[in-house]
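# Notes for the structure review
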Amino acid sequence: MDQDTANEVFEAARTATFRRTNLGLTASVTLGSYTYTVEAGGAFLACIDGRAGYGGTEHAFANATREQDDALRAAIAAQDAK
């Protein structure tokens with residue numbers, strides 16, 4: 001996955017609704033013709049772990065930067081506080 005796309009997905013994830021699963025916090029983020037799965041659980045950096053679109057699901061992985069991870073976790077905490 002190219003860095004520009006990953007950046008857009010992590011930015012969009014800041015307004016997504018995260019749910020608790022056995023993988024930790026996960027959200028679906030739609031961007032263009034794909035729906036990306038974003039995980040933000042545990043002590044590791046948030047990551048994109050796949051995308052679904054026309055033709056099925058494919059593996060597409062990218063780690064968030066420390067700054068993206070911090071911003072994403074702050075947005076999740078703000079959602080939880082409401």
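Above this text you will find the structure in question.
Basis of the calculations
Residues numbered from 1 in each chain as written. Predicted model: local features only at pLDDT ≥ 70, side-chain atom pairs only at ≥ 80, totals over all residues. Heavy atoms only, no water. Salt bridge = Lys/Arg side-chain N within 4 Å of Asp/Glu carboxyl O. Helix = DSSP H or I, 4+ residues; strand = E, 2+ residues; numbered from the N terminus. Buried < 20%, exposed > 50% of the residue type's maximum accessible area, 1.4 Å probe, protein only. Arc of directions from axis to C-beta. Contact = heavy atoms within 4.5 Å. Polar contact = N/O pair within 3.5 Å; in protein donor to acceptor, adjacent residues only side chain to side chain.

Tallying each qualifying case throughout the model produces five salt bridges. With a closest N to O distance of 3.4 Å, Asp 69 and Arg 66 form a salt bridge. In this pair, Asp 69 and Arg 66 are both assigned in helix α2 (residues 66-81), three residues apart and thus about one turn of the helix distant. In this structure Asp 69 comes out as buried when scored by relative accessible area, which is 2%. Looking at Arg 66, the relative accessible area reads 47%, which means it is partly exposed. Here Arg 66 ties to Asp 70 by a salt bridge, and the two come within 3.7 Å at their closest N and O atoms.

Count 3.6 residues to each turn of an α-helix, and residues three or four apart come out pointing the same way. For helix α1 (residues 3-13), the complete set of buried residues consists of Thr 5, Ala 6, Val 9, Phe 10 and Ala 13. One side of α1 holds all its buried residues, which, seen down the axis, span an arc of 130°. Where the residues of α1 are buried, they touch β2 (24-31), β3 (34-39), β4 (47-53), β5 (56-63) and α2. The backbone nitrogen of Asp 4 has a side-chain oxygen 3.2 Å away, supplied by the residue at the start of α1, namely Asp 2.

On to the environment of Thr 21. Among the secondary structure elements, Thr 21 is positioned in strand β1 (residues 19-21). Looking at Thr 21, the relative accessible area reads 36%, which means it is partly exposed. As for Thr 21 and Glu 39, which are separated by 18 residues in sequence, their C-alpha atoms are 9.7 Å apart.

Turning our eyes to something else, we now look at the environment of Leu 45. Its location among the elements puts Leu 45 in the loop between β3 and β4. Residue classification places Leu 45 among the partly exposed residues on the basis of a relative accessible area of 24%. As a C-alpha pair, Leu 45 and Ala 13 span 32 residues in sequence and 14 Å in three-dimensional space.

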